[in-house]
Amino acid sequence: MAPEREINVDVHISDTLKKMYDGAPRAPHPSAQTALPLSTLPPRDWQQLSLRRDGKPPIRFVGTLLFARSCIMQSLKGHAKQSLSIYLAIEGTVYAGLAFEPSEACPAWSSYRCAPLHAPTDLAELFRDWCPEANFFPAPLSAHCGTGPPAARSAFNAMAADWLTLSVLQG
Amino acid sequence: MSSMTDQLMAEQLAQHGTMQFAITAPTFRIKRPGARPLIFEGVELAMAMSFTPSLPNWYEVNLYRTSDQRFVVAVRLFFQSEAEQDQIRAWDFETLDQALEKLSQYDAGQDVRVSLDQADLSLPPAELAAMALELRARVDSARRHFASLLGEFFFELDTIKVPVPRGRA
């Protein structure tokens, strides 16, 4: 039997609106203004990217994926995937993206964050503000027995520690 | 004729200009608290809804284009309980960007209702502090709820789809 669906987010976008939105000129993201000169970057497989984020339009840029890590948190009611990805934009800006994607039976909101990294502290700030446990519905309502939020936090901490260790070891 | 058929016809005609609009576009009437109702002819361009059985409320976001080429944004908050009154906020704008900007700036924290009886001055400070924390948690939860829905809306609107990379687990 399929698990009970906790969230029923439904979105309908008309083709008319997609054409209007896609055709509208857009200013580059402010983070691109402090980027490195193009000539300093080695040739890569550049592609048009769009990084999703909560509550705001995605950040669009031409870039390439440098790195990705993911982990899966299992709770008594469903599971959630968390991932960390690092991108290099063609003009030199580095972006970090974090995603929290619960399964249908998991009583939690999906969440996406991304930010340009201009200084080492920017990544630390992104990690510090990332709060996977807060994506879960309030406990009395979601009946997740309290296993989801701490499991999400520990899974993320382990993934981040793994990546940071790897980064240090690889110099 | 079903309402779905009405919407489809209106959208198809909207792609060919405003003359057909004037003939077939349905009229919308949106009640607003503290303001006159928004009444316009037009079509619904997009809808996003976050109905969740285990939560006491959910949001519905609608975007319309009027027959005079303006854009209307409506944010509806529905409650599961019949004791609560649903609410709606709506605005109209000249451009699509203005309408989308309004959506991204919407603060769902303002939708949280305070249950504290202001006339009751007998509560000890510790209880007041606990209630303040609980209120803050509810505000955070409401903002996260709306931001998640809006993120889904903008993701569907964006024509460039980049799946989240799956790195080594």
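Residues numbered from 1 in each chain as written. Chains lettered and ligands numbered in written order. Predicted model: local features only at pLDDT ≥ 70, side-chain atom pairs only at ≥ 80, totals over all residues. Heavy atoms only, no water.

## Digging into the overall build of chain B
Applied cut-off: Only DSSP runs of H or I reaching four residues or more are called helices, and only runs of E reaching two or more are called strands; each is numbered from the N terminus. Buried residues are those whose accessible area, probed at 1.4 Å on protein chains only, stays under 20% of the maximum for their type, while exposed residues exceed 50% and partly exposed ones sit between those limits. We call two residues in contact when some of their heavy atoms are within 4.5 Å. Per-residue and other accessible areas follow the Shrake-Rupley method at a 1.4 Å probe size, with only the shown protein chains counted as cover for residues.
Within chain B, the secondary structure is distributed over 4 helices and 5 strands. When the elements of chain B are put in sequence order from the N terminus, they spell out α-α-β-β-β-β-β-α-α. Here chain B holds 169 residues, and 43% of them are scored as buried. Contacts spanning at least 24 positions in sequence make up 43% of the contacts within chain B whose residues lie at least 6 apart. Taken as a whole, chain B presents about 9,500 Å² of accessible surface, with 54% of it coming from carbon and sulfur.

## Section: the overall build of chain A
Across its full length, chain A holds 4 helices and 6 strands. In sequence order, the secondary structure elements of chain A are arranged as β-α-β-β-β-β-β-α-α-α. The buried share of chain A, reckoned over its 171 residues, is 48%. Taking the intrachain contacts of chain A between residues at least 6 apart in sequence as the baseline, contacts between residues at least 24 apart amount to 55%. Here chain A has roughly 8,500 Å² of accessible surface; of this, 59% comes from carbon and sulfur atoms.

## Observations regarding unusual backbone geometry
You will see that B:Q69, though not glycine, has its phi angle at about 65°, which is positive. Look at B:Q69 and you get partly exposed, because its relative accessible area is 33%.

## Thoughts on the packing of helix α3 (residues 96-105) of chain B against helix α4 (residues 125-157) of chain B
Residue and element names in this part refer to chain B. Condition: All axes here are fitted lines through C-alpha atoms, helices being fitted over the stretch that makes contact, and every angle between N-to-C directions spans 0 to 180 degrees. Angles are sorted into four bins: roughly parallel if under 35 degrees, roughly antiparallel if over 145, roughly perpendicular if 65 to 115, and oblique for all others. Gly counts as polar in this scheme, as do all residues outside two lists: the nonpolar Ala, Val, Leu, Ile, Met, Phe, Trp, Tyr, Cys and Pro, and the charged Asp, Glu, Lys and Arg.
α4 packs onto α3 with a crossing angle of 150° between their chain directions and a minimal axis gap of 10 Å. Between α3 and α4, the crossing angle belongs to the class labelled roughly antiparallel. Residue-level contacts link L100, L103 and S104 of α3 to F146, L150, F153, F154 and L157 of α4. The class makeup of the residues in the contact of α3 with α4 is 7 nonpolar, 1 polar and no charged.

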